[in-house]
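Next come the chains, spelled out residue by residue.
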Amino acid sequence: MSHAENRGEARVDALVSDLLDGKHRALARAITKIENRSPGYRELVSRLHAHTGGADVVGITGSPGAGKSTLVDKLAKAYRDAGFTVGVIGVDPSSPYTGGAVLGDRIRMASNVGDMDVFFRSMSARGQLGGLSTATSDAVKALDAFGKDKILVETVGAGQSEVDVVRTADTVTVLVQPGSGDDVQMLKAGILEIGDVFVVNKADMDGVNRTVAELEEMIHLRDNPGATLDSGHHGVDAGLPKGVSEHDGTHGDTHGGGARDEGADGSEDADDGWEPAVVETVATTGDGVEELVETLAAHADYLAESGMRERKARSRYAEEIRQLLRNDANALLKEELDRRGGAEALAEAVADRETDPYAVADEVFEPLRECVEARRGEE
Amino acid sequence: MSADAERGQQQRTVRCLIAKVGLDGHDRGAHVIARAFRDAGFEVVYSGLHRAPEEIVQAAVQEDVDVLGISILSGAHNTLVPKIIDGLKEYDAFEDTLILVGGIVPDEDRPKLKEMGVSEVFGPGTPMKETIEFVRNNAPRRD
């Protein structure tokens, strides 16, 4: 072990103890380390893990302009008033060309001015393949270990990686604005099957009733394709049997399938007794925020009582393990590929019909397989 | 970049906070800078208008930015900038944050700002390229 490594370890030590001591600077620095994947970040997250599990994590997603940031601000305020500490992670997209980003969610955080117990952190989707959800959930761990009671993760619901991000939360809240298109649009967006709570924001605009009615109808269809429909009113009416595909966690690859996904395994979790609620809010004035807080609390209670919280956590950890392994294996494969001249050079040979992609893959992969098998033989 | 970057794990991006502080509603410059920084590959957190110094400090600390760009066109730099710098010191964030001031600052005020810890003052008409180069060359390297 080199001196540099020793120093690095000492730094991680100091960072972890400062963070657990409640130093804001250390928390901020820890999240930077996680985002940059600086040397020592793995050690850092491993050390923090033992201190996590205390926070309620709420994911909030919706199309740009739906009012997510404003609602998050009001939610954070409501939680602060109730005596909770709050962490917020706002994820914004980054430019696919330069990697740069303008992270603007902070502008809306007007209700929590100068309140250090609301820790707001902007993160950009740095084009890390599958890494955004890892980075976000690691940042959530840092906030959790720091001792935040409520953690809000806000993201534009525009793509797979964003959807993966909110799925790392205990409760997924989907924001919809009135007049944002008909039910087919919502189906297309694939947001229906991920939400535990739906918020129709800007409820002072025209078309609210229709949007709420359409949402409820679709939620009922999603919940019990065969059962009696109970449409026409909204609010928290728990008790109807339903199935939510994201809850069982084994469908990590299928959730992009939209309605098909829903049809395929919509009735598996028959014991899941949460009926997604639809709440109307006007985030700019704070109307309906109280009801939303109650609904989120009801969902948290439901998760705790039904044992769903534990199950969700387990499936989340399982997915995390898979994701980390995939990343590590990819990194190893990339090294191996580079050692053999890189994918481009090999592609050249394939284009010239000297070899084919399968043969190349076998050739690169075979030594790794042999190593693993040799190790297994030793055990 | 280091060997770690080559290992495909580390991804470092310059993070900036562009801050509008005090009673000053002129944010065109701040918007242009935010956009230019983004196009230069930086991550830019924009504070929004009319922020108090404490809010800027809160944002700079929580976002753990490498660069804090304060835009002031109100002439209140001599009172607002020291407050921000004191706040950063309180949270141990002063030492490794590059502090820039943009806007209308009379020449005679510049030495005092620099003495306080402002690295550079960019007045009207500064080429965007110059500002971006300055950030690239001077953003603190951390790990």
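- Per an unreviewed UniProt entry, chain B carries the name Methylmalonyl-CoA mutase and comes from Halogeometricum pallidum JCM 14848.
- Comment text from UniProt for chain B, heading Sequence similarities (unreviewed entry), reads "Belongs to the methylamine corrinoid protein family."
- Turning to chain B, the UniProt record has this under Cofactor (unreviewed entry): "adenosylcob(III)alamin".

- Where an unreviewed UniProt entry is consulted, chain A appears under the name Lao/ao transporter ATPase, with the organism given as Halogeometricum pallidum JCM 14848.

### Comments concerning the overall build of chain A
- Secondary structure assignment for chain A yields 13 helices and 8 strands.
- For chain A, buried positions account for 50% of its 379 residues.
- Taking the contacts inside chain A whose residues are at least 6 apart along the sequence as the reference set, 76% of them involve residues at least 24 apart.
- Per element, the accessible surface of chain A, about 17400 Å² overall, is 52% carbon and sulfur.

### So, the overall build of chain B
- Looking only at helices and strands, chain B has 6 helices and 5 strands in total.
- When the helices and strands of chain B are listed from N to C terminus, the series reads α-β-α-β-α-β-α-β-α-β-α.
- Here the C-alpha radius of gyration of chain B, 15 Å, is about what a compact globule of 143 residues would show, namely 15 Å.
- Its C-alpha atoms give chain B principal-axis dimensions of about 50 × 35 × 25 Å.
- Counting only residues that meet the buried cut, chain B has 53% of its 143 residues in that class.

### Let's talk about empty space enclosed by the protein
- Counted under the stated rule, the structure contains 4 cavities of 30 Å³ or more.
- Roughly 160 Å³ of volume is contained in the largest cavity.
- Along its surface, the largest cavity is lined by 13 residues, and R106(A), M109(A), R51(B), E55(B) and Q58(B) are the ones closest to its centre.
- Where the lining of the largest cavity is concerned, the elements lending two or more residues are β4 (118-125) of chain A together with α3 (53-63) of chain B.
- Sort the elements by how many residues they give to the lining of the largest cavity and α3(B) lands first, with 5 residues.

### What to know about the packing of α3(B) against helix α4 (residues 77-90) of chain B
All names here are of chain B.
- Relative orientation of the contacting elements α3 and α4 amounts to 40°, with a least axis distance of 9 Å. When the interaxial angle is binned, α3 and α4 end up oblique. In the crossing of α3 with α4, the sense of the turn from one axis to the other is right-handed. Only L80, K83, I84, G87 and L88 of α4 make contact with α3, whose side of the interface consists of P53, I56, V57 and A60.

### Re the interface of chain A and chain B
- Taken residue by residue, the interface counts 38 residues in chain A and 33 residues in chain B.
- When chain A packs against chain B, the two sides together hide about 3300 Å² of surface, and 45% of this comes from carbon and sulfur.
- Three residues, R25(A), R106(A) and M116(A), lead the burial of chain A against chain B; their summed loss comes to 21% of the area buried on that side.
- Linking chain A with chain B are 7 salt bridges.
- We note a salt bridge from R25(A) to D96(B), for which the minimum N-O separation is 2.8 Å.

### Description of the nonpolar core
Residue and element names in this part refer to chain A.
- With 33 residues, the main nonpolar core has L19, L27 and L44 as its most contacted residues.
- Elements with a minimum of two residues in this core: α1 (3-20), α2 (24-36), α3 (41-49), β2 (86-93), β4, α5 (131-146) and β5 (150-156).
- A total of 8 residues in this core trace back to one element, the largest contributor, which is α5.

### Remarks on the environment of G62(A)
Residues and elements named next belong to chain A.
- Here G62 shows up in strand β1 (residues 56-62).
- Under the relative-accessibility criterion, G62 is labelled buried at 6%.
- Counting along the chain gives 93 residues from G62 to T155, while the straight-line C-alpha distance between them is 7.3 Å.

### Describing the pairing of β4(A)
Residue and element names in this part refer to chain A.
- Across the 8 residues of β4, 8 count as buried, placing the element largely inside the fold.
- Of the two faces of β4, both are covered, the one formed by V118, F120, S122 and S124 as well as the one formed by F119, R121, M123 and A125.
- Where β2 and β4 come together, 8 bridges link them in parallel fashion. Opposite D92, over in β4, you have S124 as the bridge partner.

Calculation notes
- Residues numbered from 1 in each chain as written.
- Chains lettered and ligands numbered in written order.
- Predicted model: local features only at pLDDT ≥ 70, side-chain atom pairs only at ≥ 80, totals over all residues.
- Heavy atoms only, no water.
- UniProt positions renumbered as here; feature names shortened; annotations may be inferred.
- Helix = DSSP H or I, 4+ residues; strand = E, 2+ residues; numbered from the N terminus.
- Buried < 20%, exposed > 50% of the residue type's maximum accessible area, 1.4 Å probe, protein only.
- Contact = heavy atoms within 4.5 Å.
- Areas by Shrake-Rupley, 256 points an atom, 1.4 Å probe, with all protein chains shown as cover.
- Rg over C-alpha atoms; globule rule 2.2 N^0.38 Å.
- 1 Å grid on protein atoms, 1.4 Å probe; cavity = no way out; pocket = protein on both sides within 12 Å on 5 of 7 lines; lining within 4 Å.
- Points joined across faces, edges and corners; volume = space filled by probe spheres on them.
- Axes fitted to C-alpha atoms, helices over the stretch in contact; angles between N-to-C directions.
- Parallel < 35°, antiparallel > 145°, perpendicular 65-115°, else oblique.
- Left-handed = near helix turned anticlockwise from the far one by under 90°.
- Buried area = accessible area lost by both parts, 1.4 Å probe.
- Salt bridge = Lys/Arg side-chain N within 4 Å of Asp/Glu carboxyl O.
- Core = buried A, V, L, I, M, F, W, Y, C linked by side-chain atoms within 4.5 Å.
- Pairing = 2+ DSSP bridges.

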